[in-house]
Amino acid sequence: MTELDVAGLQRRLADFAAERDWEQYHTPKNLAAALSVEASELVEIFQWLTPDESARVMEDPESAHRVTDEVADVLAYLLQFCEVLGIDALAALAAKIDRNERRFPAT
């Protein structure tokens, strides 16, 4: 079974790119652009849905599959971006949550 941790997934993505000689294209600029494109494709699924329809999007197998695929694409490019720049995504998220908790205290 394949590891389902961030480092394991990053290794799989790096190996996949290396086997296809794609590392040359995986610059921070290109990965940021690809991440933006994939996030936009996720937004496109929800673009004209009402709030109620968007809340039920996972009930339809076809739209659930599309959403799941786009989430995977966004995460893949984000993990590759972090790998290239040496960012620990989980540590970055934890630090951001800490800052937000101080910035926006609960009332």
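Keep in mind that what you see is a predicted model, and the values were worked out from it rather than measured. (Residues numbered from 1 in each chain as written. Predicted model: local features only at pLDDT ≥ 70, side-chain atom pairs only at ≥ 80, totals over all residues. Heavy atoms only, no water.)

A. How the structure looks around the overall build of the chain. For the chain, the helix and strand inventory stands at five helices and zero strands. Expressed along its principal axes, the backbone C-alpha trace of the chain runs to roughly 45 × 40 × 30 Å. Burial statistics for the chain: of 107 residues in total, 17% are counted as buried. A separation threshold of at least 6 residues defines the contact pool for the chain, and within that pool the share at least 24 residues apart is 61%. Only carbon and sulfur atoms are counted for the fraction: they give 59% of the accessible area of the chain, which is about 8,100 Å². (Helix = DSSP H or I, 4+ residues; strand = E, 2+ residues; numbered from the N terminus. Buried < 20%, exposed > 50% of the residue type's maximum accessible area, 1.4 Å probe, protein only. Contact = heavy atoms within 4.5 Å. Areas by Shrake-Rupley, 256 points an atom, 1.4 Å probe, with all protein chains shown as cover.)

B. Quick peek at the pattern of salt bridges. Tallied over the full model, the rule gives one salt bridge. Of the charged contacts, one joins E19 and R20 as a salt bridge, the two residues approaching to 3.4 Å between their closest N and O atoms. The exposure class assigned to E19 is exposed, which follows from its relative accessible area of 63%. For R20, a relative accessible area of 37% corresponds to the partly exposed category. (Salt bridge = Lys/Arg side-chain N within 4 Å of Asp/Glu carboxyl O.)

C. Quick look at unusual backbone geometry. Not every positive phi belongs to a glycine, and D21 is a case in point at roughly 60°. Inspection of the secondary structure puts D21 in the loop between α1 (6–19) and α2 (28–46).

D. Structural context of a nonpolar patch on the surface. Judged by side-chain polarity, F16, W22 and Y25 come together as a nonpolar surface patch covering roughly 320 Å² of accessible area. Positionally, F16 belongs in helix α1. Residue F16 is classed as partly exposed on the basis of its relative accessible area, which comes to 38%. (Patch = residues over 30% accessible without salt bridge, like charges linked within 9 Å, V, L, I, M, F, W, Y side chains within 5 Å.)

E. Region of the structure containing the packing of aromatic side chains. One pass over the full model with this rule turns up one aromatic pair. Here the aromatic rings of F16 and W22 are separated by 5.5 Å at their centres, their planes lie at 70°, and the arrangement is edge-to-face. In this arrangement the basic side chain of R20 is found over the ring face of F16, its NZ or CZ atom lying 3.5 Å from the centre. (Phe/Tyr/Trp six-rings, centres within 6.5 Å; stacked < 30°, edge-to-face > 60°. Lys NZ or Arg CZ within 6 Å of the ring centre and 35° of its normal.)

F. Up close: the environment of L79. Note that L79 resides in helix α4 (residues 61–85). Separated by 48 residues in the primary sequence, L79 and L31 place their C-alpha atoms 9.6 Å from one another. For L79, the residues in contact, after removing those within four places along its chain, are V6, L9, Q10 and L13.

G. Here's a closer look at the side chain of S63. As for its placement among the helices and strands, S63 is situated in helix α4. Polar side-chain contacts of S63 include one of 2.6 Å to the backbone oxygen of V57. (Polar contact = N/O pair within 3.5 Å; in protein donor to acceptor, adjacent residues only side chain to side chain.)

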